[in-house]
Amino acid sequence: KPDAAVLVVDATNLERNLFFVSQVLEHDIPVLVALNMIDLAERDAIQIDVAKLSKELGCPVIPVAARSDRGTDALKAEIAAKRARSINYQMGIAKLPLAKELADLDFSGTPINGELVEQLSSGAFLDEQRNVVLIGGSGTGKSHIAIGIARSVIRSGRKARFFNAVDLVNKLEAEMKLGRGGRIA
């Protein structure tokens, strides 16, 4: 399921295109409508109340004339805002205890493999459906690294969830008692 959909519709043939938009909206996907060829609609005296259309559809509608670049900055800004909202939402449900970045961690003078941490921050391990478990004594940077990796993969459009060992074990045990083992992932 996609995180969002940008639907480019023809402003000069809005009725036919709105049927398509309504079909996509039924799938509960965040939608942004790019109302393209608005210049031709205006030339042909086609009146479109963009604010009302946006309210009726329940999604942003951006008038665009792609040939002349009219409205493309507003469209790009709305796409960027949607992406930022999605990232902020994913950061929230990841339950990260702090806002830590890998760039703030100094690996010099530590036994931590900085190259491995950088590789993990790409999220490639997720494609292989692998987990990452960080083990070490108190104050060795485990949480910092885990949070930094999670924030990095979330920014690249993936999902993450932070658990400390005690909470994870407690949740897994509770699931086992309910006969629902393995649902936490």
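The model shown is predicted, which means the values in this text are computed figures rather than measured ones. (Residues numbered from 1 in each chain as written. Predicted model: local features only at pLDDT ≥ 70, side-chain atom pairs only at ≥ 80, totals over all residues. Heavy atoms only, no water.)

## Quick word on the overall build of the protein chain
Here is step 1 of the chain: A count of helical and extended segments in the protein chain gives eight helices and three strands.
Here is step 2 of the chain: Ordered by position in the sequence, the α and β elements of the protein chain form the string β-α-β-α-α-β-α-α-α-α-α.
Here is step 3 of the chain: Taking the principal axes of the C-alpha coordinates as reference, the protein chain spans close to 70 × 45 × 25 Å.
Here is step 4 of the chain: Expressed as a percentage of the 185 residues in the protein chain, the buried residues total 29%.
Here is step 5 of the chain: Across the protein chain, every contact between residues at least 6 apart in sequence was considered, and the portion connecting residues at least 24 apart equals 69%.
Here is step 6 of the chain: With an accessible surface of roughly 12400 Å², the protein chain has 52% of that area assigned to carbon and sulfur atoms. (Helix = DSSP H or I, 4+ residues; strand = E, 2+ residues; numbered from the N terminus. Buried < 20%, exposed > 50% of the residue type's maximum accessible area, 1.4 Å probe, protein only. Contact = heavy atoms within 4.5 Å. Areas by Shrake-Rupley, 256 points an atom, 1.4 Å probe, with all protein chains shown as cover.)

## Details of the pairing of strand β1 (residues 5-10)
Here is step 1 of the chain: Where β1 lies against strand β2 (residues 31-36), six bridges are found, and the strand directions are parallel. The residue of β2 that forms the bridge with Val9 is Leu35.
Here is step 2 of the chain: Regarding topology, helix α1 (residues 14-25) serves as the crossover connection from β1 to the parallel β2, and that connection is right-handed. (Pairing = 2+ DSSP bridges. Right-handed = clockwise from strand over helix to strand, strands pointing away.)

## With respect to the side chain of Glu78
Here is step 1 of the chain: Assignment of secondary structure puts Glu78 in helix α4 (residues 72-93).
Here is step 2 of the chain: Glu78 has contacts with Leu32, Pro60, Ile62 and Arg85, leaving out every residue within four places of it along the chain.

## Structural notes on the packing of aromatic side chains
Here is step 1 of the chain: Summed over the entire model, instances satisfying the criterion amount to zero aromatic pairs.
Here is step 2 of the chain: Directly above the aromatic system of Phe163 lies the positively charged group of Arg161, at a separation of 4.3 Å from the ring centroid. (Phe/Tyr/Trp six-rings, centres within 6.5 Å; stacked < 30°, edge-to-face > 60°. Lys NZ or Arg CZ within 6 Å of the ring centre and 35° of its normal.)

## Here's the deal with the environment of Gly136
Here is step 1 of the chain: One can find Gly136 in the loop between α6 (124-127) and α7 (142-155).
Here is step 2 of the chain: Take Gly136: its relative accessible area is 37%, and that puts it in the partly exposed class.

## Focus on the sheet that holds β2
Here is step 1 of the chain: Taken in spatial order, the three strands make up an open sheet running β1-β2-β3, and their pairing is parallel. Both edges of this open sheet fall to β1 and β3 (61-63), since each of them pairs with a single strand only. Direction aside, the axes of adjacent strands within the sheet are offset by 25 degrees on average.
Here is step 2 of the chain: Bridge analysis of β2 against β3 gives three bridges, and the strand direction is parallel. Within β3, the residue paired with Leu35 across the bridge is Pro63.
Here is step 3 of the chain: Each of β1, β2 and β3 is contacted by α4, which is oriented at about 175 degrees to β2, the strand it contacts most. (Axes fitted to C-alpha atoms, helices over the stretch in contact; angles between N-to-C directions.)

## With respect to unusual backbone geometry
Here is step 1 of the chain: Positive phi values are uncommon outside glycine, yet Asp28 reaches one of about 55 degrees.
Here is step 2 of the chain: Positive phi, close to 60 degrees, is recorded for Lys95, a residue that is not glycine.
Here is step 3 of the chain: Note that Lys95 resides in the loop between α4 and α5 (114-121).

## A look at helix α8 (residues 165-177)
Here is step 1 of the chain: Taking 1.5 Å per residue as the helical rise, α8 with its 13 residues ought to reach 18 Å, and the 18 Å between its terminal C-alpha atoms agrees with that figure.
Here is step 2 of the chain: Measuring from the side-chain oxygen of the N-cap residue of α8 to the backbone nitrogen of Val166 gives 3.2 Å; that N-cap residue is Asn164. (Expected span 1.5 Å × (residues − 1). Polar contact = N/O pair within 3.5 Å; in protein donor to acceptor, adjacent residues only side chain to side chain.)

## Comments concerning the nonpolar core
Here is step 1 of the chain: Judged by nonpolar contacts, the single largest core of 18 residues is most densely connected at Val33, Leu35 and Leu57.
Here is step 2 of the chain: Looking at this core, the elements that each hand over two or more residues are β1, α1, β2, α2 (38-43) and α3 (50-57).
Here is step 3 of the chain: In terms of nonpolar packing, the next biggest core, distinct from the first, is built from 17 residues, Leu105, Phe125, Ile147 and Ile149 among them. (Core = buried A, V, L, I, M, F, W, Y, C linked by side-chain atoms within 4.5 Å.)

Take it as geometry only, folks, not as evidence of what the structure does.
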